[in-house]
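One letter stands for each residue in the lines below.
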Amino acid sequence: MPVDESVSWGTPEARWVLLATVLGSGMTFLDATVVNVALPTIGTELDASVANLQWVINGYTLTLASLILIGGSLGDRFGRRRVFLLGIVWFAGASLLCGVAPTSEALVAARALQGIGGALLTPGSLAILQASFATSDRGRAVGAWSGLSGVAAAIAPFVGGWLIGVGSWRLIFLINVPLAAVVVAVALRHVPETRDPAAVRGIDVAGAVLTVVGLAGLTWALISAGERGATAGVLLAGAIGLASLVGFVVAERSVRHPMLPLEIFRSRQFTAANLVTLIVYASLSIMFFLLVVHLQQVLGYSPLQAGAATLPVTGLMLTLSARAGQLADRIGPRLPMTIGPLGIAAGLALLSRAQAEATYVGTVLPGLLVFGLGLSLTVAPLTATVLAATATRHAGIASGVNTAISRGAGLLAVAVIPGLTGLTGDAYHDPAVFASGFRAAMHISAALAAAGGLLAWLLIRNQVSGRADSCPAARLDRRHYCAIDGPPLATERDAAEATRPGRERLQRERRKSQPAPCGHHDTARPVQETPLASGGADVLPTSPAVRQTS
């Protein structure tokens, strides 16, 4: 959309756009967390083993993680609102199939279809904000989206527990249908259409197939290894999965229109932030997969009580999300992204003490509070750093890459952790066995989170905004810019700036901020746009706090 038609913060148009994007992405976040509360009930009603329950989670995550890059690039090319709406309708239809699934196998298949819808709408929601709001308002818009989406995801366990108590686990899927109808109505009327005028015309079918085969083979091998050991079939599936993922990287270097343009990883900041995402989200996925099941099967909570137990995390995210973004704006993302995962690790270590006779106030609550503090400090700078390290016209791809990595981390973590901790077969029916496995899993999860914090300290750089003298080359030539990053303000807006009002506005912006990006800042975005790196927060796609984090 032309720059002079950008949505401004505080206007009715801004509120409608936020409503559509928050409610749409909130549906995916809700389903990613609410299902965990229902796992014991689903297992009992559908006679499912631990492996079946893993696939109820991973069937959704598999297709989402595999196809989300395609979703982001399709939005950039064909229109972000159009692809977002397609994802909403698809997600609602798949949710209906989940709600009427007669067997665990049918539920897994429907969950995989849900993941396809999520892959279309998830990157679109954030990319719509990035492309629709005026540059000066994007940080506030992303922060509001993150905080509100995080609350939607955080209350999911409570809502899920209530729906299971008053009706059936099937309601946790069926509730998506009316929510989707609201999103469609609002988006058609109030959300502007945006696209990347420089988007490629082809679709990377080979890349999508290799990703699906790679993740599916590796996930099946990890889950099956925990159930039946390292048989010849398991090893073959794992080998096919690994070979397909290697083939994907090779293919992306040679195909004409890659769904993952590898050049975006030239930014060390982007690569580092995604590496931290991989490790931290693996930790979080283990915790959220097992905690609510542990509360029900070992501590004797009802589904409603187990869901309500995580509400303190909701309160912390609601209260601290925006403040974490402001803190990162003042001091840079490095310190928050270091202390946050260390806090998560400390909270997980405390939660490992929640055994059969443990009380909520004395054991569970302290762990959740420490965990929630660390989570609140982590997610805001993490996703915003990813977005700030890429050109604005790649908003869809950058968001898709980060979400794919976070979901892929969760996919593999949930696949491997039961086999490592002895939580296989019908272990969730034996409180003693489950309690022992849960303790070991929390220790592993805490170690991963701590490793993520250490990596952030070593690899993440604090971005400096709006200072010409922060770059050695800029001190010599205030017009300097990096050949890789392109000229000042080289974004998708430039195509719209061909009009006279657009050119005049562009000239005003350039006069206000002389410096342009260079490799010294390690970012593909103009220096004056880097405040976005601290203006938003993400919510975790598999957690009741949740991205960002997405």
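See the structure above.
Fair warning: this is a prediction, and the values are worked out from it, not measured in the lab. (Residues numbered from 1 in each chain as written. Predicted model: local features only at pLDDT ≥ 70, side-chain atom pairs only at ≥ 80, totals over all residues. Heavy atoms only, no water.)

Bringing the overall build of the protein into the picture now. When helices and strands are tallied, the protein shows 20 helices and zero strands. A total of 550 residues make up the protein; the buried ones form 58% of that total. Just so you have it, the protein exposes about 19,900 Å², and 65% of that area is on carbon and sulfur atoms. (Helix = DSSP H or I, 4+ residues; strand = E, 2+ residues; numbered from the N terminus. Buried < 20%, exposed > 50% of the residue type's maximum accessible area, 1.4 Å probe, protein only. Areas by Shrake-Rupley, 256 points an atom, 1.4 Å probe, with all protein chains shown as cover.)

Let us now look at the packing of helix H3 (residues 80-99) against helix H8 (residues 176-190). Running from N to C, H3 and H8 point in directions that differ by 165°, and their axes come no closer than 9 Å. Taken together, the axis directions place H3 and H8 in an arrangement best described as roughly antiparallel. In the crossing of H3 with H8, the sense of the turn from one axis to the other is left-handed. Between H3 and H8, the contacting residues are Arg 81, Phe 84, Leu 85, Ile 88, Val 89, Phe 91, Ala 92, Ser 95 and Leu 96 on the first element and Asn 176, Val 177, Ala 180, Val 183, Val 184, Ala 187 and Leu 188 on the second. (Axes fitted to C-alpha atoms, helices over the stretch in contact; angles between N-to-C directions. Parallel < 35°, antiparallel > 145°, perpendicular 65-115°, else oblique. Left-handed = near helix turned anticlockwise from the far one by under 90°. Contact = heavy atoms within 4.5 Å.)

Here we come to the environment of Ala 152. Its place among the elements puts Ala 152 in helix H5 (residues 138-154). In this structure, the C-alpha to C-alpha distance between Ala 152 and Ser 25, residues 127 residues apart in sequence, is 9.1 Å. In contact with Ala 152, other than residues within four places in its own chain, are Gly 26 and Leu 30.

Our next topic: H3. Here H3 spans 28 Å end to end across 20 residues, near enough to the 28 Å set by a 1.5 Å rise per residue. Turning to H3, its buried residues number three or more, namely Arg 80, Val 83, Phe 84, Leu 85, Gly 87, Ile 88, Phe 91, Ala 92, Ala 94, Ser 95, Cys 98 and Gly 99. (Expected span 1.5 Å × (residues − 1).)

A few words on unusual backbone geometry. Its identity is not glycine, yet Asp 47 carries a phi of approximately 55°, on the positive side. By the secondary structure assignment, Asp 47 is in the loop between helix H1 (12-45) and helix H2 (50-78).

Attention now goes to a nonpolar patch on the surface. Nonpolar side chains collect at one region of the surface, where Leu 275, Leu 278, Ile 331, Leu 335, Ile 339, Leu 454, Trp 457, Leu 458 and Leu 459 lie side by side and expose about 780 Å² of accessible area between them. Residue assignment for the nonpolar patch shows that the elements contributing at least two residues are helix H11 (268-297), helix H14 (334-351) and helix H17 (431-459). Considering each element in turn, the nonpolar patch owes the most residues, four residues, to H17. Relative to the assigned elements, Leu 275 resides in helix H11. (Patch = residues over 30% accessible without salt bridge, like charges linked within 9 Å, V, L, I, M, F, W, Y side chains within 5 Å. Salt bridge = Lys/Arg side-chain N within 4 Å of Asp/Glu carboxyl O.)

Moving on, we come to the environment of Phe 371. Relative to the elements of secondary structure, Phe 371 occurs in helix H15 (residues 360-388). For Phe 371 and Leu 350, which are 21 residues apart along the polypeptide, the C-alpha to C-alpha distance reads 8.9 Å.

On to the nonpolar core, then. Counting residues in each nonpolar core, the largest one holds 133 residues, and the members touching the most others are Leu 107, Met 287 and Phe 371. If you tally residues by element for this core, the top one is H11, at 17 residues. What Leu 107 contacts, discounting residues up to four positions off in sequence, is Ile 42, Leu 46, Val 56, Cys 98, Ala 101, Trp 169 and Phe 173. (Core = buried A, V, L, I, M, F, W, Y, C linked by side-chain atoms within 4.5 Å.)

With that settled, the discussion passes to the packing of aromatic side chains. Centre-to-centre distance and the angle between the planes together describe a pair of aromatic rings. Evaluated as defined, the whole model comprises four aromatic pairs. With 6.4 Å between their ring centres and 80° between their planes, Tyr 60 and Phe 91 make a pair best called edge-to-face. Of this pair, Tyr 60 sits in helix H2 while Phe 91 is found in helix H3, placing the two residues 31 residues apart along the sequence. For the pair formed by Tyr 60 and Phe 91, the shared burial category is buried. Against the face of Trp 457 rests Arg 334, its NZ or CZ located 3.8 Å from the ring centre. (Phe/Tyr/Trp six-rings, centres within 6.5 Å; stacked < 30°, edge-to-face > 60°. Lys NZ or Arg CZ within 6 Å of the ring centre and 35° of its normal.)

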